[in-house]
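Residue strings, one per chain:
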Amino acid sequence: MNQAAQFAAQTMVDCARENGYLDGPLSNIPALADEEKKLFIRMFGELKNHLQKTGSHTLSPDEISSLFTFTLAKAAELVAFYLGGKREEVSLLGMFDGKVPLYADEEVLGFCKECSWPKEAAEAFLAVPPENVPEDADPLLVLFESLKWAFRISEHLIIAFIEDTHAEKLNRE
């Protein structure tokens, strides 16, 4: 991992730890690694199209915040699809406008609506002074590395939520 990627990963992990989202190793579903990779390749292509359409070389803070919200929603969908035995391609709608459709059960949907992790991750990313970013770093690659770690932490949060929810249901029965 290069210096810029390490910097982005550390920023997201530190943010998650500081805000109480991560106190140990990340929970993950190894079978979703390929789906994560495919999603990020599609997202990067969509970003290039978006920048071309807007004639810009950068994203606004609102667009960046939307991307972090998008990563939580897509992590939730991929976990839900996997646990439900589905193999569906997630939609890229809402990447830049904050209107992210989420296809999951009501409990997961409610969790995602209440979860402040995407907001805190976006704020941590946006708060990094430019002089702290490695000099040779491509800003879009730093953003996507940050989003990748935000996605992985989101996956961890969704898994923990589902495990807790089902454990509570079993304890009530």
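See the structure shown above.
All values reported here derive from a predicted model rather than from experimental measurement.

Draft legend 1. Broad picture of the overall build of the chain. A tally of helices and strands in the chain yields six helices and zero strands. Secondary structure elements of the chain, listed N to C terminal, follow the sequence α-α-α-α-α-α. A compact globule built from 173 residues should have a C-alpha radius of gyration of about 16 Å, and the chain, at 16 Å, falls within 12% of that. Taking the principal axes of the C-alpha coordinates as reference, the chain spans close to 55 × 35 × 25 Å. For the chain, the proportion of its 173 residues judged to be buried stands at 45%. Across the chain, the fraction of contacts at a sequence separation of at least 24, relative to all contacts at a separation of at least 6, is 84%. Carbon and sulfur atoms make up 51% of the accessible area of the chain, which totals about 9,900 Å². Computed over 16 positive and 29 negative side-chain charges, the separation of the two mean positions in the chain equals 6 Å.

Draft legend 2. Structural context of the side chain of Ser154. Tracing the chain through its elements places Ser154 in helix 6 (residues 139–172). Judged by its relative accessible area of 0%, Ser154 is buried. With residues up to four places along the chain from it excluded, the contact list for Ser154 reads Thr71, Leu72, Ala75 and Trp117.

Draft legend 3. Seen up close, helix 2 (residues 33–54). The end-to-end C-alpha separation of helix 2 is 31 Å, in line with the 32 Å expected for 22 residues at 1.5 Å each. Looking one or two residues beyond helix 2, the residue adopting positive phi is Gly55, at roughly 70°.

Draft legend 4. Structural context of the nonpolar core. Core analysis: the largest hydrophobic core is formed by 57 residues, its most contacted members being Met12, Met43, Phe68, Trp117 and Leu143. Elements that contribute at least two residues to this core include exactly helix 1 (3–18), helix 2, helix 3 (61–83), helix 4 (106–114), helix 5 (117–127) and helix 6. Tallying contributions element by element places helix 6 first for this core, with 13 residues.

Draft legend 5. Spotlight on the packing of helix 3 against helix 5. Helix 5 packs onto helix 3 with a crossing angle of 135° between their chain directions and a minimal axis gap of 8 Å. As judged from the angle between their axes, helix 3 and helix 5 are oblique. Note on packing geometry: the crossing formed by helix 3 with helix 5 is right-handed. Residues Pro61, Ile64, Ser65, Phe68, Thr69 and Leu72 of helix 3 lie in contact with helix 5, whose contacting residues are Pro118, Ala121, Ala122, Phe125 and Leu126. Residues belonging to the contact of helix 3 with helix 5 are distributed by class as follows: nine nonpolar, two polar and no charged.

Reading the values: rules and limits
Residues numbered from 1 in each chain as written. Predicted model: local features only at pLDDT ≥ 70, side-chain atom pairs only at ≥ 80, totals over all residues. Heavy atoms only, no water. Helix = DSSP H or I, 4+ residues; strand = E, 2+ residues; numbered from the N terminus. Rg over C-alpha atoms; globule rule 2.2 N^0.38 Å. Buried < 20%, exposed > 50% of the residue type's maximum accessible area, 1.4 Å probe, protein only. Contact = heavy atoms within 4.5 Å. Areas by Shrake-Rupley, 256 points an atom, 1.4 Å probe, with all protein chains shown as cover. Lys, Arg positive; Asp, Glu negative; His and termini not counted. Charge placed at Lys NZ, Arg CZ, Asp CG, Glu CD. Expected span 1.5 Å × (residues − 1). Core = buried A, V, L, I, M, F, W, Y, C linked by side-chain atoms within 4.5 Å. Axes fitted to C-alpha atoms, helices over the stretch in contact; angles between N-to-C directions. Parallel < 35°, antiparallel > 145°, perpendicular 65-115°, else oblique. Left-handed = near helix turned anticlockwise from the far one by under 90°. Nonpolar A, V, L, I, M, F, W, Y, C, P; charged D, E, K, R; others polar.

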